[in-house]
Each structure stands twice: as C-alpha cells, then as structure tokens.
Amino acid sequence: MWKVSPTRLEDICTSIMRAAGAPGSDARLVADHLVDNDVIGHHSHGVIRLWDYIEWAHQGDLIPGALPRIVSETPSTARIDGNWNFGQVVATFATGLAIEKARTAGVSAVTIRRVKHIGRLGRYAEQVAGEGLVSMIFTNGGGHGINQAPFRGTERRLCSNPLAMSVPSRLAGPFLLDFATSVVAEGKVRVYRARGTPTPAGWILDSDGNPSTDPGDLAAGGALLPFGRAEGHKGYALAFMVELLAGVMSGGGISGDPGRSFSNDSMIIVIDPELFVPMAELEARSLVLTEHLKNTRLADESQPVLYPGEKEAEARLANRERDIELPEPVRQQFLTMLQRFSLPDPDAASSG
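Residues numbered from 1 in each chain as written. Predicted model: local features only at pLDDT ≥ 70, side-chain atom pairs only at ≥ 80, totals over all residues. Heavy atoms only, no water.

1. Some points on the nonpolar core
Keep this limit in mind: We define the nonpolar core as a collection of buried residues of types Ala, Val, Leu, Ile, Met, Phe, Trp, Tyr and Cys that are connected through side-chain atoms lying within 4.5 Å of one another. Burial status follows relative accessibility: with a 1.4 Å probe on protein chains alone, a residue under 20% of its type maximum counts as buried, one over 50% as exposed, and anything between as partly exposed. To qualify as a helix, a DSSP run of H or I must reach at least 4 residues; to qualify as a strand, a run of E must reach at least 2; elements of each kind are numbered from the N terminus. In what follows, residue pairs with any heavy atoms lying within 4.5 Å of each other are defined as contacts.
Membership of the largest hydrophobic core comes to 33 residues, with the highest contact counts inside it found for L9, M17, V47, L50 and F334. Of all the elements in the fold, those that place two or more residues in this core are β1 (2-4), α1 (6-19), α2 (24-39), α3 (50-59), β12 (324-326) and α11 (328-340). For this core, the leading source of residues is α2, giving six residues. Sequence-distant contacts of M17, defined by excluding residues within four places in its chain, comprise A22, A27, V30, A31, L50, I54 and F86. Core analysis: the next-biggest nonpolar cluster, separate from the first, contains 23 residues, I80, A91, I118 and L133 among them.

Right under this line is the structure:
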C-alpha cells in the first residue's frame with residue numbers, strides 16, 4: 001500500500017491539477033475534496049478519481065479555469081452552466097448560490113449542467129448544514145457513465161444516480177444521507193479492482209447478465225444492480241426520479257438521450273428550517289430522536305446504532321492526522337501524472 005499524509009497528498013494533487021491548467025484556487029479546492037473523501041474512508045470518491053480528471057482535461061472534455069455561468073435566475077432559483085470545469089468548483093459555486101438565495105427567499109432550487117464529476121454529494125450537503133440550513137441534492141451522469149441495470153433488467157441503462165440530504169445538528173457532524181441508487185457507487189467497485197479483491201455477492205452482473213464477484217466484469221461491460229438487491233425496485237425507482245429531477249429539470253442529458261459527454265447534472269434544493277421550526281427546537285428534538293434510536297438492544301454489541309453522518313464525522317476526527325493508505329495501482333497513476341507534467345520530487349509518491 002502507498003502511505004502518504006493528507007497534507008502531502010493534497011499538495012501533490014494540487015500541483016498536478018495546476019500543471020494541467022487549473023487556477024491555483026480551483027486546484028486546491030478539488031484536491032481538498034478528493035483527499036477529505038479518503039480521510040473519511042470514501043476512497044471511491046478520493047484521489048483515485050484524479051487520473052480521470054487529468055485525462056478529461058487532456059482530451060478537452062474538462063476545461064480547467066472555465067467560469068460557471070448563471071443562465072437565468074429568480075430570487076429563489078437559478079440555472080447554471082458549468083462550462084465543463086471541474087465538478088467540485090461548479091458544484092461549490094452552485095451550493096453557495098443556493099444557500100444565499102435560501103437565506104433571503106426561505107427555499108431555493110439551483111440546477112447545474114455541463115459539469116464534470118462533482119465528487120461526493122455529502123460534501124455539498126455538509127456545506128449547507130454548516131450554514132444552519134437543510135439540503136436535498138440529486139445528480140445523474142448526463143446520459144453517460146451508464147453502469148446500472150434497471151430492476152428486472154440485465155444490461156446497463158442508468159448511471160448510479162446518487163442523492164444526498166442533510167439537516168444541521170448539535171452533534172459531531174450533521175445528519176447526512178448520501179448514497180448511490182445502485183447497490184454501491186461505481187467507484188467502490190473500482191477500489192476493489194485496484195486492491196485485487198472480489199466484490200461482495202449481489203453487487204454486479206457480468207456482460208452476459210450473470211451474477212459476478214469479479215470487479216473487472218463491471219469495466220468489461222457488466223452492470224451494477226439497483227439499491228435494495230432483492231427489493232431493487234426501490235433503488236430503481238429512486239434512480240428514475242433522479243434522472244427527472246437532475247437531468248430533465250437541469251436541461252442536461254439523460255439516460256437514452258445523452259449530452260455531449262459525462263456531466264453530473266444536478267438539482268440542489270436548500271431550505272431554511274426556521275420557516276417551520278426554531279433552530280433550537282430542531283436541534284433538541286432531533287437529539288431526542290437520535291438518543292431514542294441509539295438506546296436499543298443491539299444485534300451485535302460491537303456494532304452500535306449510528307445516526308446518518310456519524311461515521312463520516314468520527315472518521316474525519318480520527319484520521320485527519322493519519323497517513324492515507326492507497327493501493328499500488330493508484331501510486332503508479334500518480335507517478336505517471338507527475339512524469340507527464342515533468343513535476344519534481346517523484347519520491348513524494350513512493351511507497352512506504
């Protein structure tokens with residue numbers, strides 16, 4: 001495994017993106033997102049993604065430094081064209097605008113289109129909760145990144161179409177929901193493949209529609225199953241609705257009618273909870289709910305009941321000073337990127 005400190009890893013990622021043409025502030029923002037995801041254990045959305053970003057920039061599908069453009073807006077809504085910049089840059093801008101509008105209008109809805117991979121949706125939900133607001137976020141792949149079979153189907157027809165929600169809390173982190181509508185995010189299969197380990201049963205089908213535990217079968221034309229497995233109609237229905245809310249409502253691409261290239265077209269909804277209940281009451285009553293759920297007989301005494309978002313909050317606190325461990329294939333990708341841009345100090349990506 002490649003072991004590297006979060007600070008050093010963020011510096012390496014930033015230097016690579018700057019060499020690929022990103023302004024310093026954009027490069028640092030994206031690097032912070034990627035490394036933070038590794039810190040909290042979501043390696044599927046961590047630095048393993050940087051290789052794709054640099055390839056997209058090389059091919060002209062990602063345009064470093066492009067400014068997001070507000071196509072139209074009202075006091076409570078906006079439509080944003082990301083102009084194909086890094087997804088984290090565009091989505092952070094859009095989330096900030098949604099927060100600003102919700103502060104004055106009470107409720108806001110902002111869509112984005114023509115935007116590359118925006119990363120972990122939970123990061124933007126956390127951004128909203130940090131401002132004392134509530135969020136709902138829906139994201140598709142712009143009709144690309146097709147990797148999920150519909151319920152009762154055996155072929156790729158949908159992206160993994162994630163969604164996220166957040167509510168502020170008094171606890172270590174906000175109440176946070178963030179998951180793909182497929183049984184897992186595609187990136188989690190990518191991590192298993194990089195580690196050379198089989199995936200759990202019930203995650204993927206091979207290209208012939210047979211159940212498989214070989215992570216390489218997904219890359220070879222297989223498909224992810226919908227969230228819920230045997231009850232996959234629930235995940236499939238969520239994925240369908242995300243296509244409508246994120247793809248159709250943003251004016252972006254959808255499965256079956258794709259846009260120019262992969263785009264995390266999204267809808268971001270932000271609500272001021274104090275329109276409905278005082279913040280003190282929201283925090284107090286949500287704490288009552290949390291304690292009620294935690295105070296239960298456990299199926300396994302070593303596995304306590306967690307509130308949604310607790311795992312991420314605890315991992316961020318526990319791991320921020322620890323080295324991140326990444327598979328050897330990821331290290332090799334970093335060495336290649338450093339060499340491509342003639343960047344110094346390749347020993348920064350050494351194993352150890």
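2. A few points about the sheet that holds strand β6 (residues 163-167)
How we decide: In short, DSSP must find at least two bridges between two strands for them to pair. Only the stretch in contact is used when a helix axis is fitted, and all axes are lines through C-alpha atoms; the angle between N-to-C directions ranges over 0 to 180 degrees.
Ordered in space as β2-β3-β4-β11-β5-β6-β7, the seven strands form an open sheet in which the pairing is mixed. Of all strands in the sheet, those with a lone pairing partner are β2 (69-73) and β7 (175-179), marking the two edges. Strand-to-strand twist across the sheet, computed as the mean angle between neighbouring axes with direction ignored, equals 15°. Examined bridge by bridge, strand β4 (residues 107-113) and strand β11 (residues 266-271) share six bridges and lie antiparallel to one another.

3. What about the environment of L171?
Checked against the element boundaries, L171 lands in the loop between β6 and β7. Considering only alpha carbons, one finds L171 and E310, 139 residues apart in sequence, at a separation of 8.5 Å. Apart from the residues within four sequence positions on either side, L171 is in contact with L287, T290 and Y307.

4. Points about the pattern of salt bridges
Filter applied, for reference: By definition here, a salt bridge exists when the distance from a side-chain nitrogen of Lys or Arg to a carboxyl oxygen of Asp or Glu is within 4 Å.
Following the criterion strictly, the structure yields 21 salt bridges and no others. Ionic pairing is found between K3 and E325, a salt bridge with its closest N-O pair at 3.7 Å. Of this pair, K3 sits in strand β1 while E325 sits in strand β12, and the two are 322 residues apart along the sequence. Residue E325 is classed as partly exposed on the basis of its relative accessible area, which comes to 38%. Put simply, R123 and D36 hold a salt bridge, and the shortest N to O gap is 3.6 Å. On the criterion of sequence distance, the pair formed by R123 in helix α5 (residues 121-129) and D36 in helix α2 is long-range, its members being 87 residues apart. Both residues of the pair, R123 and D36, count as buried. Linked by salt bridges that have partners in common, D32, D36, R120, R123, E126 and R316 make up one network.

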